[in-house]
Amino acid sequence: MNKTDGVAIAERKFNRLITVISIVIPLVVAALFGVKIPNMEPLGFLPPIYATINGVTAVLLVLAVLAIKNGKRKTHQNLMTTCIALSLVFLIMYIAYHMTSESTAFGGEGPIRYIYYFVLITHIILSIVIIPLVLKTYARAYLGKYESHKKLAKITFPLWLYVAVTGVVVYLMISPYYAH
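To keep things clear, this report deals only with the structure shown in the data block. The numbers attached to residues start from 1 for each chain and follow its sequence in the written order. Where local features are concerned, this predicted model is filtered to residues with pLDDT of at least 70; where side-chain atom pairs are given and counted, the filter is 80 or more; whole-chain, interface and lining totals use all residues. Calculated side-chain values reflect all of the structure's heavy atoms, with hydrogen atoms and water omitted.

## Comments concerning the pattern of salt bridges
Opposite charge on two side chains allows them to pair when their charged atoms are near.
Inference 1: Any carboxyl oxygen of Asp or Glu within 4 Å of a side-chain nitrogen of Lys or Arg constitutes a salt bridge here. Within the structure shown, the criterion is met by two salt bridges.
Inference 2: The salt bridge involving R140 is made with E11; its shortest N-O contact spans 3.8 Å. Separated by 129 residues along the polypeptide, R140 in helix α4 (residues 111-142) and E11 in helix α1 (residues 3-33) bring together distant segments of the chain.
Inference 3: Note that K145 is salt-bridged to E11, the shortest N-O span being 2.5 Å. Highlighted residues: K145 in the loop between α4 and α5 (146-174) and E11 in helix α1, separated in sequence by 134 residues.
Inference 4: Burial here depends on accessible area, computed with a 1.4 Å probe over protein chains only, as a share of the maximum for the residue type. Under 20% is buried, over 50% is exposed, and the range in between is partly exposed. Residue K145 is classed as partly exposed on the basis of its relative accessible area of 28%. Every helix listed is a DSSP run of H or I at least four residues long, and every strand listed is a run of E at least two residues long, numbered separately from the N terminus.

## Looking at unusual backbone geometry
Phi is mostly negative for residues that are not glycine, and the peptide bonds are mostly trans.
Inference 1: Phi is positive for N39, close to 55 degrees, though the residue is something other than glycine.
Inference 2: By the secondary structure assignment, N39 is in the loop between α1 and α2 (46-69).
Inference 3: The class for N39 is exposed, based on a relative accessible area of 85%.

## A few points about α2
Inference 1: The span expected for a helix works out to 1.5 Å for each residue beyond the first. An ideal rise of 1.5 Å per residue puts 34 Å on 24 residues; α2 measures up with 35 Å between its terminal C-alpha atoms.
Inference 2: Note on definitions: a residue-residue contact is assigned when non-hydrogen atoms from the two residues lie within 4.5 Å. Against α3 (73-100) and α5 lie the buried residues of α2.
Inference 3: Just beyond α2, the residue with positive phi is G71, at close to 75 degrees.

## Observations regarding the nonpolar core
Inference 1: Ranked by internal contacts, the top residues of the largest apolar core, which has 29 residues, are Y50, Y116, W160 and Y178.
Inference 2: Counting only elements with at least two residues in this core, the list comes to α2, α3, α4 and α5.
Inference 3: Among the elements that line this core, the one with the most residues is α2, at eight residues.
Inference 4: Apart from residues no more than four positions distant in its own chain, W160 is found in contact with T57, L61, M80, C83, I84, S87, I130 and V134. The term nonpolar core refers to a set of buried residues drawn from Ala, Val, Leu, Ile, Met, Phe, Trp, Tyr and Cys, joined through side-chain atoms within 4.5 Å.

## A look at the packing of aromatic side chains
Inference 1: Note on ring pairs: Phe, Tyr and Trp rings are taken, using the six-membered ring of Trp, and paired if centres are within 6.5 Å. Classes follow the plane angle, with under 30 degrees stacked, over 60 edge-to-face and the rest tilted. Considering all chains together, one arrives at 10 aromatic pairs under this definition.
Inference 2: Aromatic side chains Y50 and F90 sit 5.3 Å apart centroid to centroid with 90 degrees between the ring planes, which places their arrangement in the edge-to-face category. Of this pair, Y50 sits in helix α2 while F90 sits in helix α3, placing them 40 residues apart in sequence.
Inference 3: Since its relative accessible area comes to 16%, F90 is described here as buried.
Inference 4: Ring geometry for F90 against Y94: centres 5.5 Å apart, planes inclined by 25 degrees, an arrangement best described as stacked. Of this pair, F90 and Y94 both sit in helix α3, four residues apart, roughly one helical turn.
Inference 5: Assessed through its relative accessible area of 23%, Y94 is described here as partly exposed.
Inference 6: Pairwise contacts between aromatic rings join F33, Y50, F90, Y94 and Y97 into one cluster.
Inference 7: A ring has a charge above it when a Lys NZ or an Arg CZ is no more than 6 Å from the ring centre and no more than 35 degrees off the ring normal. It is R73 that lies over the ring of Y146; its NZ or CZ is 4.0 Å from the centre.

So, in structure tokens, the structure goes:
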């Protein structure tokens, strides 16, 4: 078996794992959304923290692109790995919050309500779509398939950036309606 065959086999294994993860995460999040931990104090302090994580992720994504454009591959790799880790921390906090707190209804009226729901719905849909894109993009770099990594990253980057930025926007729009 030559190196190309080994990479192809590894990529198929990664793709199977990525498919499972990309299906399991949204299903688990949806299932846990309906679960409330009894006798648990609401974790109302988490939304500004995970909104900040989204903001930091957005900044790091831009810095990662700048790093690779300037030939700083290791910096790019470290920043992208950090973005994935931050996304995982966000997800854990998001689930923990929703398992201990009631969902907050948006209280805005008029055109702002439609804007909010457009941003929220596109954010949610793309946050699901982005899971396999991020993982496949990362896997291609990990496997040394830099040309296909770069090609997929041109799709993944703007979508992930949109998800990160709109996570902050959704928080800012709904934050006045949180129960205090």
